[in-house]
Amino acid sequence: MSVPFTTGVHRLAPETFAYVQGSRATGYSNAGLVCSGEEALLVDTLYTLDQTRQMLSAITKAVPATDICWVVNTHQDGDHWWGNQLVGDALIVSSTAAARRMREAGPETMEPFLAADTDPRLRAYLEAFDFSGITPTYPTITFTGEMELTVGSRTVRLIEVGPAHTEGDVIVHVPDAGVVYAGDILMFGGHGVIHSGPVGNCIRACDTILDLGAETVVPGHGPVGGKSEVIRVRDYLERVQAHATTAHQQGKSALEAAREFGFDEFSGFANAERVVLNIGAVYRELNGDGTPGMGPLLHQMVELKDTLEAGETA
Ligand SMILES: [Zn+2]
């Protein structure tokens, strides 16, 4: 099935939808909707109240007379839950680990990136977003491992696969539709981001998704895809792991390693500068001491972006 990469509600199967924001830039995430009768489950809210309002209004138009009873937040990143207050009547579910980290991941964490003295190249990633008015609205039901929810007459499975992209990642499987909503375990058509790791868990999460045998896979970002796109992400993660491990043995910095990454093999992937974050995640595992941290890596990311745009990589 080909689902257009355009902003709006797209039908994947009977009473099963993706809400897509047609941009590969940071902060434009996807969401999901599973309906049965008058009940609905929403997978993720969006980064800002404006984005989430736009989504909810598109859902109301596409699926009138449906009531969102459940919200599942796939993980702690703001672009997957900062709109929760707009569906405040619903029961909100996440993994226990994600709910715990959300307490430290409110919109105030954006302030350092938007400050006047912040590197403008870093600020540029977030300047388009208005974070005002957000009241962090946390999950009220949490779980570890697996959980099943009933939406009308349908069963929806939640499977915890973190720590991987973040500490508490959850994927959402809708067996009767052959659909998986993967959150940021998968970003199609671009370099993903490993905030937490280990990278081995990110690879295992891809295997878990493949083992479910779903026809349709909705990534956290990028176009809706299927099995071949999941395999491509898995290949990318294995390549990052191997490349970073060799570069680490050779005593190279994460930025040096990133400049020498085999970008040609993944030439269709947007946001190439993010590879330094993923190499940094492997370095953290190999160092075993938490370095390099995400702060320095973000600065290396904008350095790498400049280099890539100037066409100066190996
Ligand atoms: Zn995201």
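Preceding this paragraph is the structure being described.
The sections below set out a description of the structure shown in this document. (Residues numbered from 1 in each chain as written. Predicted model: local features only at pLDDT ≥ 70, side-chain atom pairs only at ≥ 80, totals over all residues. Heavy atoms only, no water.)

## Thoughts on the nonpolar core
Then, in step 1: Within the largest apolar cluster, 60 residues are counted, with the highest numbers of intra-cluster contacts made by Leu186, Ile209, Leu237, Val275, Val276 and Ile279.
Then, in step 2: Where this core is concerned, the elements lending two or more residues are helix H5 (199-211), helix H6 (227-249), helix H7 (254-259), helix H8 (275-287) and helix H9 (294-309).
Then, in step 3: The residues contacting Ile209, other than those within four sequence positions of it, are Ile171, Val180, Ala182, Ile185, Leu186, Val217 and Val230.
Then, in step 4: In terms of nonpolar packing, the next biggest core, distinct from the first, is built from 25 residues, Val20, Cys69, Val156 and Val179 among them. (Core = buried A, V, L, I, M, F, W, Y, C linked by side-chain atoms within 4.5 Å. Buried < 20%, exposed > 50% of the residue type's maximum accessible area, 1.4 Å probe, protein only. Helix = DSSP H or I, 4+ residues; strand = E, 2+ residues; numbered from the N terminus. Contact = heavy atoms within 4.5 Å.)

## Let's talk about the side chain of Asp169
Then, in step 1: Secondary-structure assignment places Asp169 in the loop between strand E9 (154-160) and strand E10 (170-174).
Then, in step 2: It turns out Asp169 is buried and unbridged, and the closest side chain with the opposite charge, Arg101, is 11 Å from it.
Then, in step 3: Only 2.9 Å separates the side chain of Asp169 from the side chain of Thr166, close enough to count as a polar contact.
Then, in step 4: In this view, Asp169 contacts Thr74, His75, Ile159, Glu160, Val161, Gly162, Pro163, Ala164 and Ile185; residues no more than four positions away in its chain are not counted. (Lys, Arg positive; Asp, Glu negative; His and termini not counted. Salt bridge = Lys/Arg side-chain N within 4 Å of Asp/Glu carboxyl O. Polar contact = N/O pair within 3.5 Å; in protein donor to acceptor, adjacent residues only side chain to side chain.)

## Section: the sheet that holds strand E7 (residues 141-143)
Then, in step 1: If you trace the seven strands from one edge of the open sheet to the other, you get E1-E2-E3-E4-E5-E6-E7, paired in mixed fashion. Both outer strands of the open sheet, strand E1 (8-13) and E7, are each paired with one neighbouring strand and no more. The sheet shows a mean angle of 25° between the axes of neighbouring strands, direction not considered. (Pairing = 2+ DSSP bridges. Axes fitted to C-alpha atoms, helices over the stretch in contact; angles between N-to-C directions.)

## Remarks on the layout of surface pockets
Then, in step 1: In this structure, the largest pocket encloses a volume near 980 Å³.
Then, in step 2: When contributions to the lining of the largest pocket are tallied by element, the ones reaching two or more residues are H8 and H9.
Then, in step 3: The biggest single contributor to the lining of the largest pocket is H9, with four residues. (1 Å grid on protein atoms, 1.4 Å probe; cavity = no way out; pocket = protein on both sides within 12 Å on 5 of 7 lines; lining within 4 Å. Points joined across faces, edges and corners; volume = space filled by probe spheres on them.)

## Some remarks on the packing of H5 against H6
Then, in step 1: Two elements in contact, H5 and H6, have axes whose closest approach is 10 Å; the angle formed by their N-to-C orientations is 165°. Classified by the angle their axes make, H5 and H6 are roughly antiparallel. As H5 runs across H6, the sense of the crossing is left-handed. On the side of H5, the interface is formed by Val199, Gly200, Cys202, Ile203, Cys206, Asp207, Ile209 and Leu210, while H6 contributes Lys227, Val230, Ile231, Val233, Arg234, Leu237, Glu238 and Gln241.
Then, in step 2: Split by residue class, the contact of H5 with H6 holds ten nonpolar, two polar and four charged. (Parallel < 35°, antiparallel > 145°, perpendicular 65-115°, else oblique. Left-handed = near helix turned anticlockwise from the far one by under 90°. Nonpolar A, V, L, I, M, F, W, Y, C, P; charged D, E, K, R; others polar.)

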